[in-house]
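Listed below, chain by chain, are the residues.
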Amino acid sequence: MTLEAYADTILPGEKRNPDDRAVAGVSTGGGAVASGALDVLRTEEGGMAPALDTLADLLNDHATRYADEHGLTPDPAVPPFVALAYDHRVALVRQLVAPDHPEREAWVSVAMFSTIAFDAAAHMHTTDALAAGHPGLTTMGYYGPDADGLWRFPSFSYGRALARPHPDTTPSGSPA
């Protein structure tokens, strides 16, 4: 729940249900949490999985100190970071990712993985993510492949073709 709240602070989304405490609900549509930030953090390839429990504990320690410094009384029913209002979450995250913070690299890494979940659905095959209506890919306007499974783009991103295909290019787009 703590790391979901952190991911939601990086890329906010709407609450999954009225009782959702991790997602602050300051944005419409799906954010980092709905995009699978925790799944991305847990992937073996990312290398963060073994540190997640420690990071959640550290984040809650920081949130407890932050609440004390600001005269806040966190709700004991949820972890301290989750108990912070969204504006306070943002303020604490800004401190944690500041250039002079000794744990900066860890907190920036968690932020990057949260962003990767939204921008790339890195924990899923792209076609599966699109079929499931992945919030990030959908928001960015990703189109699925054509019926044959190949991606084609009817208009060029620069408004014109930058080069002609090589004459030996196969129908699948591979060089001969």
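The structure under discussion appears in the preceding block.
All values reported here derive from a predicted model rather than from experimental measurement.

Draft legend 1. Structural context of the nonpolar core. Ranked by size, the top nonpolar core spans 31 residues in total, and within it Tyr6, Leu41, Met48, Phe81, Leu84 and Leu92 carry the most contacts. Secondary structure elements with two or more residues in this core: helix H1 (2-10), helix H2 (37-42), helix H3 (52-69), helix H4 (80-83), helix H5 (86-96) and helix H6 (104-120). It is H3 that provides the largest number of residues to this core, a total of 7 residues. Apart from the residues within four sequence positions on either side, phenylalanine 81 is in contact with Thr2, Ala5, Tyr6, Thr9, Leu59, Asn60, Ala63, Arg89, Leu92 and Val93.

Draft legend 2. Main features of the packing of H3 against H5. It is at 11 Å that the axes of H3 and H5 come closest, and there the two elements cross at 115°. Considering the angle they form, H3 stands roughly perpendicular to H5. Crossing of H3 over H5 shows right-handed handedness. For the pair H3 and H5, the contacting residues are Leu59, His62, Ala63 and Tyr66 in the first and His88, Ala91, Leu92, Gln95 and Leu96 in the second.

Draft legend 3. Spatial organisation of H5. Considered for burial, the residues of H5 that qualify are Tyr86, Arg89, Leu92, Val93 and Leu96. Across the axial projection of H5, the buried residues extend over an arc of 120°, all falling on one side. Counted as exposed and oriented over 90 degrees from the buried face of H5: Asp87 and Arg94. Tucked into the core, H5 has its buried residues touching H1, H3, H4 and H6.

Draft legend 4. The arrangement of unusual backbone geometry in detail. Non-glycine residue alanine 121 carries a positive phi angle of around 50°. With respect to the helices and strands, alanine 121 occurs in the loop between H6 and helix H7 (126-131). The exposure class assigned to alanine 121 is buried, which follows from its relative accessible area of 0%.

Draft legend 5. Up close: the packing of aromatic side chains. In total, this model carries 2 aromatic pairs according to the counting rule given. Ring centres of tyrosine 6 and phenylalanine 81 lie 6.3 Å apart, and the angle between their planes is 40°; this geometry places the pair in the tilted category. On the criterion of sequence distance, the pair formed by tyrosine 6 in helix H1 and phenylalanine 81 in helix H4 is long-range, its members being 75 residues apart. Each member of the pair, tyrosine 6 together with phenylalanine 81, is buried. On the numbers, 5.5 Å between centres and 40° between planes, the contact of tyrosine 6 with tryptophan 107 is tilted. Of this pair, tyrosine 6 sits in helix H1 while tryptophan 107 sits in helix H6, and the two are 101 residues apart along the sequence. Just as tyrosine 6 is buried, tryptophan 107 falls in that class too. Through a chain of ring-to-ring contacts, the aromatic side chains of Tyr6, Phe81 and Trp107 assemble into a single cluster.

Draft legend 6. Quick peek at the packing of H1 against H6. Taken N-terminus to C-terminus, the directions of H1 and H6 make an angle of 70°; their axes are 9 Å apart at the nearest point. Between H1 and H6, the angle is such that the two are roughly perpendicular. Across from Tyr6, Ala7 and Ile10 in H1, the residues of H6 making contact are Trp107, Val110, Ala111, Ser114 and Thr115. For the contact of H1 with H6, the per-class residue count stands at 6 nonpolar, 2 polar and no charged.

Thresholds, definitions, all that
- All residue numbers here refer to positions counted from 1 along the written sequence of the relevant chain.
- Reporting of local features is limited, given that this is a predicted model, to residues whose pLDDT is at least 70; pairs of side-chain atoms are given and counted only at 80 or more, and all residues count toward the totals for whole chains, interfaces and linings.
- Where side-chain values are given, they derive from all heavy atoms of the structure, hydrogens and water being excluded.
- Throughout, nonpolar core names a set of buried Ala, Val, Leu, Ile, Met, Phe, Trp, Tyr and Cys residues whose side chains join them through atoms within 4.5 Å.
- Each residue is assigned to one of three classes by its accessible area relative to the maximum for its type, calculated with a 1.4 Å probe on protein chains only: buried under 20%, partly exposed between the two thresholds, exposed over 50%.
- Every helix listed is a DSSP run of H or I at least four residues long, and every strand listed is a run of E at least two residues long, numbered separately from the N terminus.
- Contacts were defined at the residue level, with two residues in contact if any of their heavy atoms lie within 4.5 Å.
- Axes, fitted as lines to C-alpha atoms, cover a helix only where it is in contact. Angles between the N-to-C directions of the axes lie from 0 to 180 degrees.
- Comment on the angle field: the value is read as roughly parallel under 35 degrees, roughly antiparallel over 145, roughly perpendicular from 65 to 115, and oblique elsewhere.
- Throughout, a crossing is termed right-handed when the near helix is turned clockwise from the far one, and left-handed when it is turned anticlockwise from it by less than a right angle.
- What the arc describes is the spread of directions from the helix axis to the C-beta atoms.
- What counts as a ring pair is set by centres within 6.5 Å for rings of Phe, Tyr and Trp (its six-membered ring), and what kind of pair is set by the plane angle: stacked under 30 degrees, edge-to-face over 60, tilted for all other angles.
- Amino acid classes used here: Ala, Val, Leu, Ile, Met, Phe, Trp, Tyr, Cys and Pro are nonpolar; Asp, Glu, Lys and Arg are charged; the rest, including Gly, are polar.

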